[in-house]
Amino acid sequence: MKKLVAVTACPTGIAHTYMAAENLSIAAKELGVEIKVETQGSVGIENELSEEDIKSADAVIIAAATKVDKSRFHGKPILEVPVEQAIKDAKSLIEKALKMEKPADYVERVEEIHKKRSAARTGAYKHLMTGVSYMIPFVVAGGILIAISFAFGINAFKNEGTLPAALMQIGGGSAFALMVPVLSGFIAYSIADRPGLVPGMVGGMLAVSTGAGFLGGIISGFLAGYTVDFLKRSIKLPKTLEGIMPVLVLPVLSCLIVGLLMIYVIGTPIKSIMTALTNWLTGMSKANAVLLGLILGLMMAFDMGGPVNKAAYTFATGLLASGIYTPMAAVMAAGMTPPLGLALATLIAKDRFTDDEIEAGKAAWVLGISFITEGAIPFAAADPLKVIPSIMVGSAVTGALSMLFGATLRVPHGGIFVLPIPNAVGNLPMYVISIIAGTVVTAFMVLLLKKKAS
Amino acid sequence: MKISDILSKDRINLNLKSSDKESVIKELISLLAKTGSIADKEEFFEAVWEREKTYSTGIGMGIAIPHGKSKAVKDAAIAFGKSERGIDFDSLDGKPAHLFFLIAVPEESHDLHLKLISTLSRKLMHEEVRKALYEADTEEKVLEALSFD
C-alpha cells in the first residue's frame, strides 16, 4: 500500500487544521492509501510524525497557511498547498502527491545516466564495452601489483624468489597477461553468449602471442563472436546429437577457424600496425605527444562517458598491455577535470548557478576525484553550449600537460585514490599539476561563458 | 467532556435572519453574548473579521466556521446557526453557506476546550454528520448530530 504523511496547520489553529487533517484521512481511506496526518494547531502538535513514518512515506503533503519546517522531509517529494485546498479537494491532492517524483539526488542522477547509457548501448559498441568492462578489473589488479613491485626498486623483480618477483609474476605475468584474452573473450561472449567465450579467449591469447596486442584482441573477439553465431545457425545436428554441440562441435570448430585466421590472416598485419603505433607512441616528439594528449582530452570531455570518451579510454587502456603508460595518464586526468572544474566554478561564482547546482557542486568534487566524468552531465545538460566547450578546453589542457610532462599511469581507473600507490603514477608532482591546471582552466572557461543565473 | 459543554441549546438558532456575511457573524455573536461567554461583542467581532480576511472560513459544502481568539472571550464557546436560503460567505466552492459554527476561544484557553473544537471540526468533514445537521429541525437533533462518543 502507498503511504503518505501530511502536516496541516492554519493561522489560529482552531478549525481548519483539523478539518484538513480529517478530510485527508477520509480521502486516503477512500483511495486505499495509508496516511498519517500531523496537526499543528492550537492544542500544539498532535499525532506527530516519527522519523520512521517519514522514512516509509512515498510523499509528503503540507497543507498549511503558516510556515511548516520542511527540513525533516529532505529527499521526499513534497506537495505544499494552502490548508483550504485539503478541505476543498483532498482526493486530488493525494493523487497528485503520489504521482510526484522524488527530487533526484545529484549523485543518484549521475548513476541513473550511467545506467541508462549502458542500457542504450547496442551492436558493436555494446559488445566492445562489455569486453572492456570485464577487462578493467584485471588491469587494475595487475597494474597496482606491478606498481608495488616497483616500489622495492625498479629492477627488484629480477631477483627470483623475492617478493617483488612474486608481485611481478602475479600482476604482470598473470593479471596483465589475461587482459587481452579477457577483452576478446567477453566481446565474443556479448555477441554469442557462452559458446563465444572459448574462441574469444583463445583468439585473444593468439593476439598476444602474435604481437597483435589489444587491437588484435578486439578483432579476435568480434571474429569469435560472429563465427560462433554463424556456426550456431548453420549447423543442424539430429536431435540426439544436439548435446555435443556446445561441448564439442562449437568450441572445436570456432577455435579452429578463429585461431587459423588470427595466425595466418589477421595476426601479421595487425602486428605491424601495433608495432608502428607502439613505435610512434614511444618515439613520439614532444609536439606530437602534446597533440595526442590534447585530442584525448577533447574526446574525454566531449560526451562525458559516452562513446567518444570510451573510445579514448579503450585506446589508452589497451595500450597498457603494450607497456605504454602515458596516454592512460592523460586520459584519466582529462576525465577528472570536468566535474572538478565545475565544482570549482560553483565555489567561486555562486551567482552563475542555481541553488541546486551549487549543492551538486559539492558532490561533483567527489565524482571528479574518483574519475567519474559523468559527474559533469547534470551541469552540461542544463547549459550544454556553455559547459561542454568549457570542459573540453580544460580537459585538453590537462591531457596535453600530462603528455608534455611524460606522466605515466599503470592503472586504468581509480582517480586520486591510485596516486598515493608508489609507482602507479610516473612523474606524480607534474601529473597533479596537470590535473589542477585543467580544473582551474575549466572553471575559468565556465565563468567566462556562463552568465549570471537569473 | 461533551459537546454540550461548549455548544448548548440556547446557543443554537435554526432560523437565522441575516442575509450577508457581516450580519450573520454579528447575529451569532449576540447568541454567545446572551449566554455570557463574550465580554465585548465589538472586540470579538474584530477578531473574527480579522481572521476572515486571511481567507474565508466558508469551507464549502454549505458550511462556514467563523472563529476568533480574543481576550473579549470569557470561556470557549460555539454558536450554531442555520439559514434555509443560504448566505454568501465567500466560500471555497463559491456556493452560499447554510450551516454556521461560530467558534470563540479566549486568549488563554483550556486545552480540553480546544480539543473539543478540533474534534467538532473533524466531524464536519464527514458527510453523514453534515447530512444530519441539514436535516435537524430541533436543537436536540443538532446536538445529537454532533454528539461525541
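Everything below is about the structure shown above.
For clarity, every value in this text was computed on a predicted model and none was experimentally measured. (Residues numbered from 1 in each chain as written. Chains lettered and ligands numbered in written order. Predicted model: local features only at pLDDT ≥ 70, side-chain atom pairs only at ≥ 80, totals over all residues. Heavy atoms only, no water.)

Novice: With reference to specific residues and values, describe the pattern of salt bridges.
Specialist: Residues and elements named next belong to chain A. Taken as a whole and judged by the stated rule, the model has 19 salt bridges over all chains. A salt bridge links Lys70 to Glu80; the shortest N-O distance between them is 3.0 Å. In this pair, Lys70 sits in the loop between β4 (59–64) and β5 (78–81) while Glu80 sits in strand β5, placing the two residues ten residues apart along the sequence. Connected through salt bridges with shared partners, the residues Lys3, Lys36 and Asp53 form a single ionic network. (Salt bridge = Lys/Arg side-chain N within 4 Å of Asp/Glu carboxyl O. Helix = DSSP H or I, 4+ residues; strand = E, 2+ residues; numbered from the N terminus.)

Novice: Quick rundown of the side chain of A:Thr314? Include the residues and the values.
Specialist: Residues and elements named next belong to chain A. Within the fold, Thr314 resides in helix α12 (residues 307–320). Exposure remark for Thr314: the relative accessible area of 5% places this residue in the buried category. Ignoring any residue separated from it by four or fewer positions in sequence, one finds Thr314 in contact with Met129, Val132 and Phe214. (Buried < 20%, exposed > 50% of the residue type's maximum accessible area, 1.4 Å probe, protein only. Contact = heavy atoms within 4.5 Å.)

Novice: I'd like to hear about the packing of helix α6 (residues 123–151) of chain A against helix α7 (residues 163–192) of chain A, residue by residue, with values.
Specialist: Residues and elements named next belong to chain A. Running from N to C, α6 and α7 cross one another at 180°; their axes reach a closest spacing of 7 Å. Our classification of the angle between α6 and α7 gives roughly antiparallel. Of the residues assigned to the contact of α6 with α7, the class counts are 24 nonpolar, nine polar and one charged. (Axes fitted to C-alpha atoms, helices over the stretch in contact; angles between N-to-C directions. Parallel < 35°, antiparallel > 145°, perpendicular 65-115°, else oblique. Nonpolar A, V, L, I, M, F, W, Y, C, P; charged D, E, K, R; others polar.)

Novice: Report on the environment of B:Leu99, specifying residues and quantitative values.
Specialist: All names here are of chain B. On the secondary structure map, Leu99 appears in strand β6 (residues 97–105). Residue classification places Leu99 among the buried residues on the basis of a relative accessible area of 0%. For the pair Leu99 and Asp137, spaced 38 residues apart in sequence, the C-alpha to C-alpha distance is 12 Å. Contact partners of Leu99, with chain neighbours within four places excluded, come to Gly62, Ile63, Ala64, Phe80, Gly81, Lys82, Arg130, Leu133 and Tyr134.

Novice: How would you summarise the sheet that holds β5(A) if you had to cite specific residues and measurements?
Specialist: All names here are of chain A. Ordered by their spatial adjacency, five strands build an open sheet running β3-β2-β1-β4-β5, and the pairing between neighbours is mixed. Each end of this open sheet is capped by a strand with a single partner; those strands are β3 (44–46) and β5. Recorded for the sheet is a direction-independent mean angle of 15° between the axes of neighbouring strands. Strand direction decides the pairing type here: strand β1 (residues 3–9) and strand β2 (residues 34–41), joined by seven bridges, are parallel. The residue bridging Val5 from the neighbouring strand is Lys36, located in β2. Each of β1, β2, β3 and β4 is contacted by helix α1 (residues 16–31), which is oriented at about 180° to β2, the strand it contacts most. (Pairing = 2+ DSSP bridges.)

So, to be careful, I would describe these as geometric facts and stop short of saying anything about function.
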